[in-house]
Every structure is written in structure tokens, then in C-alpha cells.
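Chain by chain, the residues run as shown.
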Amino acid sequence: MAKQRVLITGVSRFLGGRLAQRLESDPEIEGIIGVDTDEPTIDLQRTEFVRADIRNPLIIKVLKAGEIDTLVHASVVATPAGAGGRSNMKEINVIGTLQLLAAAQKHEGLKKVVMKSSTAIYGSEPTDPAIFTEEMAPRSQPRTGYAKDAVEVENYARGFGRRRPDVTLTILRFANFIGPLIDTPLTRYFQLPVMPTPFGFDPRMQFLHEDDAIEALYSAVRDTHPGTFNVSGDGVLYLSQAIRLAGKVPMPILLPFANVVAAAVRRTGLVDFSPEQIRFLLYGRVGDVARLKEVFGFTPQHTTREAFEDFVATRRLARIFTSEQAEQWEQDVYRFLSRRPAWAGSI
Amino acid sequence: MAEPSASGAEVIKIEEARSPGRCQARTSDGKRCRNRADTTGYCTTHHPAEPSEPTALEMVLQDVLAFMRRRATGDYHVDDFGFDKDLTESVLLPALRPLFKNYWRIDQTGVSSIPETGPALFVCNHSGTLPLDALMVKVGVFEERRRHIRLLAADLALSLPIVGELARKGGSTLACEEDAMRLLDGGEAVAVFPEGFKGIGKPFRERYRLQRFGRGGFVEVALRAQVPIIPVAIVGAEEIFPMIANLKPLARLFGFPYFPVTPTFPFLGPLGMIPLPSKWVIEYGEPISTADFGSDGSIDPMLVFNLTDQVRDTIQQMLYRNLIGRRNAFF
């Protein structure tokens, strides 16, 4: 593709902003317009910022005046706290996407749309296959929260794709982000001094390093990758394993009390636990990344475990002990227990 | 303490020359030891502690400590299905082995049918009120081949606290086409129990009578993946919890497929949960090849139907043969 002009929604949020930075360093990107309701907090050089709500019909003017050929929709929010309440979140996610895609459909110059989605659309149920490929749908569609929004947003996107077959539509279903800088309910969860976990359950988790997420978005903008892709680091971690890698203390909670504890944690403002996230902490979720590697042609630099270890190392989480200490203790205990009494020396 | 003089290589040489055959060590007051040295250059008192071969007990201790360290620091690998090899080999299988060897004294026959490597679909009969027979097949295959068979489990089992967690860590996953195909494509040995709850939850009077084999989904999977089907007959599991009656209202209340009444449960309370020590035999039948049918075979319902019947009949015959051969359910 020749010189590109890109519009990014949600440029004041982490991924949108970092993507804009990444695109700025590429001379093939002629122009970048960032749209959001708040001013970006990070340093952007040549990105033009437009303070606008994507629900505003003005957005079509921005698309046309800016001669935008690539639209990156990254403003779908995952947490009610980040959007000012659940109803507002739904408004931004669902109605926002609807309006944005309606405007995009009217803009003839558009060649490419990149949508940020999530593996959350697969839900977390014991009745579903252990590993989701992009074609699979959960037996029961998510009915609440962010997952439901993500399902609806993807449906709108696919509808748009049918009406504008000339536009390359890329939907990226991201696993849980993790890394040195990104702030999500999950990163906050792992920063709690004592981590409440559901007793008797251990979910499988996939992580995507924030840098890999930016690279995946960048690659979707620069190259042509039509289709839907799960995006995650290789491999899985159990929650219990992640807690041990982070050197944290788990506090198992019996399931009937889970909602009470989640509400208490939510009230402290430390972690925004929504009901579907509690479901996630019971049964976990894993997406298949074969299509990402083989069709999209992108392999994240960090595996799930490496991404998590980078998060642990850079955030300097308060650990109860390090792995070096554990090794030392192992040797000490062995030496103590295997020490033969003096009288046994001659035997 | 006994310490070889370490003040420099030359000095040692001179002193050695002055007193050949003397111990190199220094005594506690700093003087040279005057005892006669053996071939190592030290006397018997000052013999440096040699790293002796660890005893069997010490090796166990090493393993246990290393395992505890790995668990405490998260230093182990799980696959995408959640199979935790470290935990399975160090804890789950050793915990089940006494049941296999000493309690039910399981004899295995036809073990030459178990492939050393490569994918295979084990199709087994299912009985015993609780799916302990599946766990015993897992132990049995590991004992013979050191390979981990992947059990396909009901969603109910995977949704339960603790049980579901341990099932996943032990390598089980949901009995569905997607998971079975993925495991077989990865070269794994997979075990399926097509009778499902109809099999383990059947009344005692119907023991060893195979129930309907689902809709033959397992045959479709085997045909699509082009892997051999290995029929497995498990004799003895029917007697561990003889189910006299099924309290359906209670089952509905708890959301279970059945609520068993056995001679000991629920009358003896938790004691009634102890399974009876029947004598088991697990027979592995001749592998049934699916390669001849081509992968299109899976879309031929007649072929699927016939193969399902063939596998079912084979297992039923194996069950009858073993039942005739045994003297008593408990010896």
C-alpha cells in the first residue's frame, strides 16, 4: 500500500496512544488523526488530535477531511470504571461502534478497518471446548458486560464488512494484556498484596505482552490481513502458577462468598471485578493462535509466561520470596535432612 | 578443622618432600598432622568428606524438595489444555497407584495393543457410579507405556470445584469433537467413555450390559483423524458401588444425573463413600484400523453407525469372556 492516512479512535487510551506513537515512527504513514474525548496523556509528535465523541455525526467530516484510508477502532472499553458506569460503557462500546461504522460506510476513500476485540467473546464455561479457534462460538453467548459488548461490536463489524466488501476488515481478538505499563483489572489484581482466588478452581490464562499487542495492531494497519484472529502469546499459565511466579499469597474464597469478596474489593477501588471476570477466574479461557501465526504471519515476541514474567520483573511486585531464595532453601533443607549422624559414618 | 594447606603450591611441594607419606592436613592447633597418609595424601582421621553416592532415601528426599521448590515458584509447564505433567507424575499418579495395585489388584491383558507412541482412541465401557474406572485406565496405560492417556470427561465433572481442577491438571478435557480432534492431531492417546452417565449410573442388576454408545461421535472423530480405535473392557468396576436405587428427586435437587443408593451409601454416611475392594481386569482389545476408510468416512452415517456397533459388540464380547473367566467379584 502507498502512503497511508490513519484514524485511531481511543487515542488517549493505552493501546490507541502507543499505536499512534508506533505509526509516527513510520515514514510510510503520511498522516495520523487521533480521536478521543480526553486529551492524550502521552507525548505525540505529528498525530493530530481531534476531541470528538465517535457517536457524534461530526466523525464523518473528520474521515473525509482527513482523507483517511485506514480506520483503527480501539476505543472499545473493557471496564465500567474506565467509562463511568456500565450503561455509559455500553453506550460508548455498542452505540459508538454502530455510529462510527455507519460513518465509515459513507466514506468511499476507506480501504481498511482494524477492530480491537477480545477473546472475552468466547466466555468462560466448562461446557465449551478447551481451546477456541476463530470459527467456534461458545455454546451459550455471553449475556453480560464487556463480553456481550464485544460480541455486538464484532457483529456490527461483520455487517459493515458485508456492506463494504472493498474494505479490508481485520478483527483482532486480544487475550488479556499484560506488561510493564498497561493498566487493566488483571494487572491490578496481580498487584494486590493478597490475592483472593476461587477455592477449588484454577483457570487457564493467556497473556499478550503490551508491545506485542501494539505490533499486531501496527502490522494490521500496514499490511493486508483480512479476517478474524486470536492474538495471544504462546502457552498458558494457571492462575495458581501465575501467583507463584509473581511470589504472591493467594487467599482461596469459597464460591458462595466470591461475589461478596468481589464487591468488597471493588469498593476499595483497587480492582474492578465484574461478574464475567469472576467467571473467568473459575474456568479461564484459551484461544488458538495457529491462524495468527500461519495466516496473519505474526508470532508474538513473548510467550504467555515471558509476558507475565516481564510484568512481574518490571512492576517490582512485592514478593514473599524469590526463586533464588527457594533454591537456597531447597539445598539447606536437603543438607540438614540428609546429614548422617556421626555414628553412622562407619556403616 | 581438617584443611589442606592452601598457602601456595610451592610450599606444599617442599613440605611434601620433607615428609613423604605424611598426612597433608593440619591439626586443630595449626601444626602439620604427623599421621601416615594413605593413597589420597591424608590420614584416616583427616580424610576429606567425599561426596558419597546418595542413598535411595536421599534421592527421594531430593525429588520431593525439588518438586516443592518447583511448585512454590511456579517453575513448571502446563499445556494448552491445562495438563500439568509435573503434578500428575509426582502426585496424582502416585496417589492412585495403590488403588490400582493393592486395592483393586488390577490385572491388565492385551497390553500389546497399547501403542508406544502416536495417536489412538481408546474406547472403554463405563461403570461404578463414580468414574474411577477412567482413572484406573489412566494409571494402567502409564504403568505399561509411560505415556499419559488423555481422558475425555463430562462437562459436569469439569464444572465441579477441586474435581474439575484436578481433572484438567491430570490431562482430561471436555468430551467434545473439537478437543478430541486437537488431541489426536497432536499425537496423543485419548480415552473416551461413550456410555457416559448412562454407563456409570446404571443400576446394579444391569451390570456389564453396555448402554447406548451415544451417537457414534467417537467413531466420526477416529475416522476424521484416521487413528486406530482400541476397544477396552473394564471388569470389576461395576462392583465398587453397587447401585441399588436412584433417588431421582435428590439428583434433580443437586443437579446430578443420578443420586445413588448402595448397600453402604447413604446409610453409613461418608463411610459409604469407600468403594468395595473388587478384583479388576482391564483388557485391551485388538486395534480397529480406520485408515482404510479415508477421512471421508466420517461423513458416511452408515459407516459410522456400523463401526459404532462393531466397537460396542467387541467390548461386550470382551466383557463376557472376562466375566466367565473370573471366579468371584472380589478375588
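Residues numbered from 1 in each chain as written. Chains lettered and ligands numbered in written order. Predicted model: local features only at pLDDT ≥ 70, side-chain atom pairs only at ≥ 80, totals over all residues. Heavy atoms only, no water.

**What to know about the overall build of chain A**
If you tally the helices and strands in chain A, you get 13 helices and 13 strands. Each principal axis of the C-alpha atoms in chain A carries an extent, and together these give about 90 × 45 × 35 Å. A buried classification covers 57% of the 347 residues belonging to chain A. Taking the contacts inside chain A whose residues are at least 6 apart along the sequence as the reference set, 79% of them involve residues at least 24 apart. Carbon and sulfur atoms form 55% of the exposed surface of chain A, whose accessible area is close to 15100 Å². Positive and negative charge centroids in chain A, built from 42 and 41 side chains respectively, lie 5 Å apart. (Helix = DSSP H or I, 4+ residues; strand = E, 2+ residues; numbered from the N terminus. Buried < 20%, exposed > 50% of the residue type's maximum accessible area, 1.4 Å probe, protein only. Contact = heavy atoms within 4.5 Å. Areas by Shrake-Rupley, 256 points an atom, 1.4 Å probe, with all protein chains shown as cover. Lys, Arg positive; Asp, Glu negative; His and termini not counted. Charge placed at Lys NZ, Arg CZ, Asp CG, Glu CD.)

**Re empty space enclosed by the protein**
According to the stated counting rule, one finds four cavities of 30 Å³ or more in the structure shown. Forming the boundary of the largest cavity are 24 residues, of which Arg204(A), Leu282(A), Tyr283(A), Leu158(B) and Arg168(B) lie nearest the centre. Going through the elements one at a time, helix H10 (275–283) of chain A together with helix H6 (163–169) of chain B are the ones with two or more residues in the lining of the largest cavity. In terms of residue count, the dominant contributor to the lining of the largest cavity is H6(B) (three residues). Class assignment for the residues of the lining of the largest cavity results in twelve nonpolar, five polar and seven charged. Quantified by volume, the second largest cavity comes out at close to 140 Å³. (1 Å grid on protein atoms, 1.4 Å probe; cavity = no way out; pocket = protein on both sides within 12 Å on 5 of 7 lines; lining within 4 Å. Points joined across faces, edges and corners; volume = space filled by probe spheres on them. Nonpolar A, V, L, I, M, F, W, Y, C, P; charged D, E, K, R; others polar.)

**What to know about the packing of aromatic side chains**
Per the counting criterion, the structure on display carries 19 aromatic pairs over all chains. Site record: aromatic cluster; members linked through ring pairs are Tyr189(A), Phe190(A), Phe207(A), Phe308(A) and Phe311(A). (Phe/Tyr/Trp six-rings, centres within 6.5 Å; stacked < 30°, edge-to-face > 60°.)

**Some words on helix H4 (residues 86–106) of chain A**
All names here are of chain A. Taking 1.5 Å per residue, 21 residues should reach 30 Å; H4 reaches 30 Å between its end C-alpha atoms and fits that length. Largest kink in H4: about 30 degrees, centred on Gly 96. Residues of H4 that are buried: Met 89, Asn 93, Val 94, Gly 96, Thr 97, Leu 100, Leu 101, Ala 103 and Ala 104. (Expected span 1.5 Å × (residues − 1). Bend = angle between axes of the 7 residues up to and from the residue.)

**Some words on the nonpolar core**
Residue and element names in this part refer to chain B. One finds Leu 121, Val 123, Phe 218, Val 311 and Ile 315 to be the most contacted residues of the largest nonpolar core, which totals 38 residues. Among the elements of the structure, strand E2 (120–124), helix H7 (177–185), strand E5 (189–192), helix H9 (217–225), strand E6 (229–235) and helix H11 (301–325) are those that each provide at least two residues to this core. By residue number, the principal contributor to this core is H11, which donates seven residues. Not counting the four nearest positions on each side in its chain, Phe 218 is found in contact with Leu 121, Val 123, Val 192, Pro 194, Phe 213, Thr 308 and Val 311. (Core = buried A, V, L, I, M, F, W, Y, C linked by side-chain atoms within 4.5 Å.)

**Quick notes on the interface of chain A and chain B**
Across the boundary between the two partners, chain A contributes 35 residues, which contact 38 residues of chain B. The largest contributions to the chain A side of the interface with chain B come from Tyr238(A), Arg244(A) and Tyr334(A), which together make up 20% of the buried area. Put simply, chain A and chain B have five salt bridges between them. Between Asp288(A) and Arg182(B) there is a salt bridge, with the nearest N and O atoms lying 3.0 Å from each other. When contributions to the side of chain A that touches chain B are tallied by element, the ones reaching two or more residues are helix H8 (239–245) and helix H13 (323–338) of chain A. In the side of chain A that touches chain B, the residues fall into 17 nonpolar, eight polar and ten charged. (Buried area = accessible area lost by both parts, 1.4 Å probe. Salt bridge = Lys/Arg side-chain N within 4 Å of Asp/Glu carboxyl O.)

**Quick word on the domain arrangement of chain B**
By domain assignment, chain B separates into domain 1 (1–52) and domain 2 (82–240 + 275–325). Measuring from the centre of the C-alpha atoms in domain 1 of chain B to the corresponding centre in domain 2 of chain B gives 66 Å. (Domains from an automatic or database assignment.)

**Considering the sheet that holds E5(B)**
All names here are of chain B. In spatial order, the strands read E1-E9-E6-E2-E5-E3-E4; together these seven strands make up an open sheet with mixed pairing. Of all the strands in the sheet, just strand E1 (107–109) and strand E4 (173–174) have a single pairing partner and so form its edges. As paired elements, E2 and E5 share four bridges and run parallel to each other. Within E5, the residue paired with Val 123 across the bridge is Val 192. (Pairing = 2+ DSSP bridges.)

**A word on the layout of surface pockets**
Residue and element names in this part refer to chain A. Looking at the second largest pocket, its volume works out to about 970 Å³. Around the second largest pocket sit 40 residues that line it, and Ala 78, Thr 79, Asp 183, Thr 184 and Pro 185 are the ones nearest its centre. Contributions of two or more residues to the lining of the second largest pocket are made by helix H1 (14–24), helix H3 (80–83), strand E5 (112–118), strand E7 (176–178), helix H6 (185–189) and H10. Of the residues contributing to the lining of the second largest pocket, the split by class is 22 nonpolar, ten polar and eight charged.

**Describing the confidence of the model for chain B**
The predicted model of chain B averages 89 in pLDDT, with 92% of residues at 70 or higher. In the model of chain B, helix H1 (residues 9–18) of chain B stands out as the element of lowest mean pLDDT, 53, in contrast to E5(B), which has the highest, 98. (pLDDT = per-residue confidence, 0-100.)

**Considering the sheet that holds strand E3 (residues 47–51) of chain A**
All names here are of chain A. Taken together, the seven strands give an open sheet; going across it, the order is E3-E2-E1-E4-E5-E6-E11, and neighbouring strands pair in parallel fashion. Looking at the sheet topology across the chains shown, the edges are occupied by E3 and strand E11 (227–231). Strand-to-strand twist across the sheet, computed as the mean angle between neighbouring axes with direction ignored, equals 20 degrees. As defined by bridge partners, E5 adjoins strand E6 (residues 168–174) across seven bridges and the pair is classed as parallel. Looking at the pairing, Val 114 lines up with Thr 170 of E6. Against the sheet, H1 touches strand E1 (4–9), strand E2 (29–36), E3, strand E4 (70–73) and E5, its axis set at about 165 degrees to E1. Packing against the sheet, H4 makes contact with E1, E4 and E5, and its axis sits at approximately 175 degrees to E4. (Axes fitted to C-alpha atoms, helices over the stretch in contact; angles between N-to-C directions.)

**Section: the packing of H13(A) against helix H2 (residues 56–73) of chain B**
Close contact between H13(A) and H2(B) brings their axes to 10 Å; oriented N to C, the two are set at 160 degrees. As judged from the angle between their axes, H13(A) and H2(B) are roughly antiparallel. For the pair H13(A) and H2(B), the crossing hand works out as right-handed. Contacts from Ser323(A), Ala326(A), Glu327(A), Glu330(A), Val333(A), Tyr334(A), Leu337(A) and Ser338(A) in H13(A) reach Glu58(B), Leu61(B), Gln62(B), Leu65(B), Ala66(B), Arg69(B) and Thr73(B) in H2(B). Residues belonging to the contact of H13(A) with H2(B) are distributed by class as follows: seven nonpolar, four polar and four charged. (Parallel < 35°, antiparallel > 145°, perpendicular 65-115°, else oblique. Left-handed = near helix turned anticlockwise from the far one by under 90°.)

**Let's talk about the side chain of Arg204(A)**
With respect to the secondary-structure elements, Arg204(A) resides in strand E9 (residues 204–205). We note that Arg204(A) is buried and unpaired, the nearest opposite charge coming from Asp79(B) at a distance of 6.9 Å. Within polar-contact distance, the side chain of Arg204(A) engages the backbone oxygen of Ala130(A) at 3.1 Å. A distance of 2.7 Å separates the side chain of Arg204(A) from the backbone oxygen of Asp80(B), its partner in a polar contact. Setting aside residues no more than four positions away along its own chain, Arg204(A) makes contact with Ala130(A), Leu237(A), Tyr238(A), Phe280(A), Tyr283(A), Gly284(A), Arg285(A), Val286(A), Asp80(B), Phe81(B), Gly82(B) and Arg168(B). (Polar contact = N/O pair within 3.5 Å; in protein donor to acceptor, adjacent residues only side chain to side chain.)

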